[in-house]
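Read off the chains here:
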Amino acid sequence: MSETINKFQARLLANPCNKKEIGNYLFYGVPNDFEGELFMKLFKRFLNPKFKYYRQFRKSGSWSHSVNSTDGDSFVIYVDDKKKKTLADEYIQSNIKLRKKLKMVEDICKADSTYDWDSNLENNPQDEFKEIVNIIKGKGIHS
């Protein structure tokens, strides 16, 4: 790390949210002014295309999230491999899978309207789960 830090970098390091550690960003304390915009133009020009980046803007005060670009007096830059999945990507994929499974169960319930779903509620949860799994696998009820 450089021995000289600017006032924005010093503020980031002193922020209680950072617990005296630098975050996972590649660049921090970049001023949100002409110098920072010039830095971003050069950064984008020479960034390896296999990487993606995003900025989060900061302002003075104790915070743990970003602010609008118009409110921020500085920003940090995160850089990641374009092929790397993020936690948000994994959440979206798991949510899509769950919604598909729930839709499948709903469709099965609608299709098998002759089955009395309410009268079978006296089963213990494990047996009910096994029945649902059998239905999903196409084995029918009480297989």
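Please read all numbers here as calculations on a predicted model, not as lab measurements.

Asks: Would you mind going over the side chain of serine 74 in detail, with residue names and values included?
Replies: Assignment of secondary structure puts serine 74 in strand β3 (residues 74–81). The exposure class of serine 74 is buried, given its relative accessible area of 1%. Polar contacts involving the side chain of serine 74 include one to the side chain of aspartate 73, which spans 3.5 Å. Ignoring sequence-local partners within four residues, the contact set of serine 74 consists of Phe8, Arg11, Gly29, Val30, Pro31, Asn32, Gln56, Phe57 and Arg58.

Asks: I'd like to hear about the environment of lysine 101, residue by residue, with values.
Replies: As for its placement among the helices and strands, lysine 101 is situated in helix α3 (residues 87–111). For the pair lysine 101 and isoleucine 136, spaced 35 residues apart in sequence, the C-alpha separation works out to 8.8 Å.

Asks: Report on the packing of aromatic side chains, specifying residues and quantitative values.
Replies: Counted according to the given criterion, the structure contains six aromatic pairs. An aromatic cluster is present here, built from Phe27, Phe39, Phe43 and Tyr53 joined pairwise through their rings. Taking the ring centre of phenylalanine 75 as reference, the NZ or CZ of arginine 55 above it sits at 4.7 Å.

Asks: Let's hear about the confidence of the model for the protein chain: which residues, and what values?
Replies: When pLDDT is averaged along the protein chain, the result is 76; 71% of the residues meet or exceed 70. Confidence, read as mean pLDDT per element, is least for helix α4 (residues 125–136) in the protein chain (73) and greatest for helix α2 (residues 34–46) (94).

Asks: An account of the pattern of salt bridges is needed here, citing residue identities and associated values.
Replies: Summed over all chains, the structure comprises one salt bridge. A salt bridge links glutamate 37 to arginine 55; the nearest nitrogen and oxygen atoms lie 3.3 Å apart. With a gap of 18 residues between them, glutamate 37 in helix α2 and arginine 55 in strand β2 (residues 51–58) connect regions that are remote in the sequence. Taking relative accessible area as the criterion, glutamate 37 reaches 33% and is therefore assigned partly exposed.

About the cut-offs
Residues numbered from 1 in each chain as written. Predicted model: local features only at pLDDT ≥ 70, side-chain atom pairs only at ≥ 80, totals over all residues. Heavy atoms only, no water. Helix = DSSP H or I, 4+ residues; strand = E, 2+ residues; numbered from the N terminus. Buried < 20%, exposed > 50% of the residue type's maximum accessible area, 1.4 Å probe, protein only. Polar contact = N/O pair within 3.5 Å; in protein donor to acceptor, adjacent residues only side chain to side chain. Contact = heavy atoms within 4.5 Å. Phe/Tyr/Trp six-rings, centres within 6.5 Å; stacked < 30°, edge-to-face > 60°. Lys NZ or Arg CZ within 6 Å of the ring centre and 35° of its normal. pLDDT = per-residue confidence, 0-100. Salt bridge = Lys/Arg side-chain N within 4 Å of Asp/Glu carboxyl O.

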